[in-house]
Amino acid sequence: MVATTLTLAGCASAGAVPSAADAAGSLSGSRSATKSPTPTPTAQPWAEVTDGTWTPISRAVALGQPASSNPFAYSVTVTGVPTLTILGDRVTMTSPVSITHTQDDLTRNTVAYATHPIWTPGNLNYPEHDEAYGTHPDMKCAAEKIAVGETTTCTVAFTAPPREIQNSYWQFVGVDSAAWPSQPGRN
């Protein structure tokens, strides 16, 4: 048997098999153009809503006031107005929060699980809302678990259509928590 090695112009080493595009480019004296990746769209700031109101029907805390209740072992404070970004036809509302572990609950759950964050749209009772809507916001904390007496900072975010952002609010440990300065507390 006789082995034959074919070397094409432009190949890095003898015996390497070029792709059809490389071979065509080498034979024509130029390399084929490589496609650039399509840029991924990024969220942009959204300033259509800058405040909100509400008429709480149950216990509620104003912006900057701690929400706590039995049997929950955590106190949660929304510490600032939300940041709003838009991507396509969806707005993400992100609020800063501070969470303190106030008493031993024996569960050793993560902060996000133990505080039961819920986002409530400003146009609640719109036809697509049910009791599960808003129950899974994205919560990121500096520490996932904290001991009694410790505090951590977090951000909590939910993405929704723009029509739901005005007058929206959070709920932590079973207490409505204002997201906007014009949302008063109620005992």
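Before reading on, note that the structure itself is shown above.
Residue positions within a chain follow its written sequence, with the count starting from 1. Residues qualify for local features only when their pLDDT is at least 70, as the model is predicted, and side-chain atom pairs are given and counted only at 80 or more; totals for whole chains, interfaces and linings, by contrast, use all residues. Only heavy atoms go into the side-chain values, all of them from the structure, while hydrogens and water stay out.

## A short note on the overall build of the chain
The secondary structure listing takes helices from DSSP runs of H or I that are at least 4 residues long and strands from runs of E that are at least 2 residues long, numbered from the N terminus. Within the chain one finds 2 helices and 11 strands. Beginning at the N terminus, the succession of helices and strands in the chain can be written as α-β-β-β-β-β-β-α-β-β-β-β-β. Working rule for contacts: check all heavy atoms of both residues, and any pair within 4.5 Å makes them a contact. For the chain, contacts bridging at least 24 residues in sequence account for 67% of all contacts bridging at least 6. As presented, the chain carries roughly 11,200 Å² of accessible surface, and 55% of it is formed by carbon and sulfur atoms. The method behind every accessible area is Shrake-Rupley, applied with a 1.4 Å probe, and residues are considered shielded solely by the protein chains displayed.

## Focus: unusual backbone geometry
Even without glycine at this site, histidine 116 takes up a positive phi of about 50°. Within the secondary structure, histidine 116 sits in the loop between α2 (111–114) and β7 (118–120). Each residue is assigned to one of three classes by its accessible area relative to the maximum for its type, calculated with a 1.4 Å probe on protein chains only: buried under 20%, partly exposed between the two thresholds, exposed over 50%. The class for histidine 116 is partly exposed, based on a relative accessible area of 35%. Positive phi is not limited to glycine here, since asparagine 167 has a value of about 70°. Inspection of the secondary structure puts asparagine 167 in the loop between β9 (151–160) and β10 (169–172).

## Things to note about the layout of surface pockets
The method works on a 1 Å grid over the protein atoms by themselves. A cavity is a set of points holding a 1.4 Å probe that cannot get out, a pocket is an open set with protein on both sides within 12 Å along at least five of seven lines, and residues with an atom within 4 Å of a point line them. Grid points are joined across faces, edges and corners, and a volume is the space filled by probe spheres set on the points. In this structure, the largest pocket occupies an estimated 250 Å³ of space. Along its surface, the largest pocket is lined by Thr53, Trp54, Thr55, Pro56, Ile57, Thr120, Pro121, Gly122, Leu124, Asn167, Tyr169 and Asp176. Class assignment of the residues belonging to the lining of the largest pocket gives a composition of 6 nonpolar, 5 polar and 1 charged. Throughout, the ten residues Ala, Val, Leu, Ile, Met, Phe, Trp, Tyr, Cys and Pro are labelled nonpolar, Asp, Glu, Lys and Arg are labelled charged, and all others, Gly among them, are labelled polar.

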